[in-house]
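# Tertiary structure, described
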Amino acid sequence: MINDIQKDAESRMKKSLEALHANFNKIRTGRAHSSILDSVTVDYYGSQVPLNQVASVNIEDARTLSVVPWEQNMVPKIEKAIMTSDLGLNPASAGNVIRVPMPMLTEETRKGYIKQARAEAENARVAVRNVRRDANNDIKALLKEKEISEDEQHRAEDVIQKLTDKYIGEIDKQLEVKEHDLMQV
């Protein structure tokens, strides 16, 4: 039972780390990378689908993405979807290719993005700590029901704490890398 609690806690902590990574990909660094457009959805025959399912997204150069729709009639819809997303990008179409230039980041916007990245990292830390709390509560419930001894409880809580420390360390590493990317000019 203790192993199940530990495995569940680790998988939930891993999911928090993956969510943080996805949130960091939405924060622009000024350089072009295709994952910036992962959150954009396009109206495709009445349903909202991710952009990468109706077009190919390529890196043209360091500051430009090119989006090539698989259907010609999707060009205006994709262009509108990119414009209305909260990414602050202004696409320009040339025939059936949509070019998305990455605007230069000012010092002020860089600091704003760093603040946003730190907030996302803190949310991930809170999520990991919540997982720790839930796992420890489950372990205490087993102790209360006399299914485990106090020694087993302490060992299990130590393992959960080590997992927590490991994932919070990973979160801090990802934040450091993102801050470094944001501050590069």
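Treat the numbers as computed from the prediction; the structure is a model and nothing was measured. (Residues numbered from 1 in each chain as written. Predicted model: local features only at pLDDT ≥ 70, side-chain atom pairs only at ≥ 80, totals over all residues. Heavy atoms only, no water.)

### Points about the side chain of Glu157
Along the polypeptide, Glu157 turns up in helix α4 (residues 150-183). Buried and without a salt bridge, Glu157 has Lys140 as its closest oppositely charged side chain, separated by 4.4 Å. With residues near it in sequence (within four places) discarded, Glu157 still touches Asn136, Ile139 and Lys140. (Helix = DSSP H or I, 4+ residues; strand = E, 2+ residues; numbered from the N terminus. Buried < 20%, exposed > 50% of the residue type's maximum accessible area, 1.4 Å probe, protein only. Lys, Arg positive; Asp, Glu negative; His and termini not counted. Salt bridge = Lys/Arg side-chain N within 4 Å of Asp/Glu carboxyl O. Contact = heavy atoms within 4.5 Å.)

### Thoughts on the UniProt feature "coiled-coil region" (unreviewed entry) in the protein
Per the UniProt record, "coiled-coil region" (unreviewed entry) is annotated on residues 114-166. Segment residues 114-166 splits into 91% helix and 0% strand. End C-alpha atoms: 23 Å apart. (UniProt positions renumbered as here; feature names shortened; annotations may be inferred.)

### Comments concerning the pairing of strand β1 (residues 41-44)
Every regular strand shows the same layout, with side chains that alternate between the two sheet faces. Bridging between β1 and strand β2 (residues 47-50) involves 4 bridges; their strand directions are antiparallel. Residue pairing across strands places Val42 opposite Val49, the latter belonging to β2. Linkage of β1 to β2, two consecutive antiparallel strands, is achieved through a turn of 2 residues, within which Tyr45 is found at a positive phi near 50°. (Pairing = 2+ DSSP bridges.)

### Here's the deal with the pairing of strand β3 (residues 55-61)
In terms of strand pairing, β3 meets strand β4 (residues 64-69) through 6 bridges, oriented antiparallel. Bridge pairing links Asn58 to Ser66 in β4. The antiparallel pairing of β3 with β4 creates a hairpin that spans 2 residues between the two strands.

### Quick word on the packing of helix α1 (residues 2-26) against helix α3 (residues 107-144)
Where α1 contacts α3, the axes come no closer than 10 Å and their chain directions differ by 170°. Regarding the angle of α1 to α3, the classification is roughly antiparallel. (Axes fitted to C-alpha atoms, helices over the stretch in contact; angles between N-to-C directions. Parallel < 35°, antiparallel > 145°, perpendicular 65-115°, else oblique.)

### Quick word on the packing of aromatic side chains
The tally for this structure, following the rule as stated, stands at 1 aromatic pair. Note on Tyr44 and Tyr45: the rings are 4.7 Å apart at their centroids and 70° apart in plane angle, and the pair reads as edge-to-face. Over the aromatic face of Tyr45 sits the side chain of Lys77, whose NZ or CZ is 5.8 Å from the ring centroid. (Phe/Tyr/Trp six-rings, centres within 6.5 Å; stacked < 30°, edge-to-face > 60°. Lys NZ or Arg CZ within 6 Å of the ring centre and 35° of its normal.)

### Things to note about unusual backbone geometry
The backbone of Tyr45 sits at a positive phi, close to 50°, despite the residue not being glycine. The backbone of Lys146 shows a phi angle near 60°, a positive value even though the residue is not glycine.

### Focus: the sheet that holds strand β5 (residues 92-94)
Spatially, the 4 strands line up as an open sheet ordered β3-β4-β6-β5, and their pairing is antiparallel. The open sheet is flanked by β3 and β5, the only strands paired with a single partner. Taken pair by pair, the neighbouring strands of this sheet meet at an average axis angle of 30°, ignoring direction. The pairing of β4 with strand β6 (residues 97-101) spans 4 bridges and is classified as antiparallel. Directly across from Thr64, in β6, lies its bridge partner Pro101.

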